[in-house]
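Spelled out from the first residue to the last, the chains are:
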Amino acid sequence: MFETLKVDDKSGVPVWVQIRNYIIFLIRSEQLRPGDTLPTVRQLAVELGVNYNTIHKVYQDLETDGLINSGRGRRSTIANINRDELELPPSPVDAIIEELARVAQESGLTRGDVMARVESALGAPGGLGS
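Residues numbered from 1 in each chain as written. Predicted model: local features only at pLDDT ≥ 70, side-chain atom pairs only at ≥ 80, totals over all residues. Heavy atoms only, no water.

Asker: What is the right way to look at the overall build of the protein in this model?
Answerer: From N to C terminus, the protein includes 5 helices and 2 strands. Listed by position from the N terminus, the elements making up the protein come as α-α-α-β-β-α-α. Within the protein, the proportion of its 130 residues that are buried is 33%. For the protein, long-range pairs separated by at least 24 residues make up 54% of all intrachain contacts whose partners lie at least 6 apart in sequence. Of the roughly 8,500 Å² that the protein leaves accessible, carbon and sulfur atoms contribute 50%. (Helix = DSSP H or I, 4+ residues; strand = E, 2+ residues; numbered from the N terminus. Buried < 20%, exposed > 50% of the residue type's maximum accessible area, 1.4 Å probe, protein only. Contact = heavy atoms within 4.5 Å. Areas by Shrake-Rupley, 256 points an atom, 1.4 Å probe, with all protein chains shown as cover.)

Take a look at the structure:
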């Protein structure tokens, strides 16, 4: 399931956020269901080629949000979530946009600064263009 996740170190979005958003997308799209077991932190770190602590941070964050259950010495599983109350972005792009908005606000960027940067990224080589 995680073989389709491609972590992009150059995207400007922290790696842990990319992985977290992908797992949230899998939960939202019901590809991961309550009770499903996630790979161990070590397994996923090796599979994605990222640091162990990065995956540990992702799992801690997801547990804090009530999306997974985990504990020392046991495998992490998808929590029994009431889907009607689950407020998750509808797609990975929306999750990244929400994270962008949060980080931009915390960084004190203006709406104009953010929009200019997004427009520049979309027009850059490899961007979406016009």
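Asker: What am I meant to see in the packing of aromatic side chains here?
Answerer: A complete count under the given rule lists 1 aromatic pair for this structure. Plain terms: the ring middles of F2 and Y22 are 6.1 Å apart, the flat faces sit at 55° to each other, and that makes the pair tilted. Placement of F2 in the segment before α1 (15-28) and of Y22 in helix α1 is noted, with a sequence separation of 20 residues between them. Of the two residues examined, F2 and Y22, each falls in the buried class. The ring of W16 carries the charged tip of K57 above its face, separated from the ring centre by 4.2 Å. (Phe/Tyr/Trp six-rings, centres within 6.5 Å; stacked < 30°, edge-to-face > 60°. Lys NZ or Arg CZ within 6 Å of the ring centre and 35° of its normal.)

Asker: Looking at this structure, how should I read the nonpolar core?
Answerer: Soluble globular proteins: nonpolar side chains tend toward being buried together. Ranked by internal contacts, the top residues of the largest apolar core, which has 28 residues, are I19, I23, I55 and Y59. Every element with two or more residues in this core is listed here: α1, α2 (41-48) and α3 (52-64). No other element matches α1, which puts 9 residues into this core. (Core = buried A, V, L, I, M, F, W, Y, C linked by side-chain atoms within 4.5 Å.)

Asker: Would you mind showing me how to read α2 here?
Answerer: Those residues of α2 that sit buried are V41, L44, A45 and L48. The buried residues of α2 all sit within an arc of 100° when viewed along its axis, so they share a single face. Relative to its buried face, α2 has exposed residues pointing more than 90 degrees away, namely R42 and V46. Looking at the buried side of α2, the elements it contacts are α1 and α3. Remark: G49 follows α2 within two positions and exhibits a positive phi of approximately 70°. (Arc of directions from axis to C-beta.)

Asker: How do you make sense of the packing of α1 against α3 when you look at a structure like this?
Answerer: To characterise two packed helices, one gives the angle between the axes of the helices and the distance between these axes. At a minimum axis separation of 9 Å, α1 and α3 run at an interaxial angle of 45°. Here α1 lies oblique to α3, going by the angle between them. Note that α1 runs across α3; the crossing there is right-handed. On α3, the residues that touch V15, W16, I19, R20, I23 and I24 of α1 are T54, I55, K57, V58, Y59, D61 and L62. When the residues that make up the contact of α1 with α3 are grouped by side-chain class, the tally is 9 nonpolar, 1 polar and 3 charged. (Axes fitted to C-alpha atoms, helices over the stretch in contact; angles between N-to-C directions. Parallel < 35°, antiparallel > 145°, perpendicular 65-115°, else oblique. Left-handed = near helix turned anticlockwise from the far one by under 90°. Nonpolar A, V, L, I, M, F, W, Y, C, P; charged D, E, K, R; others polar.)

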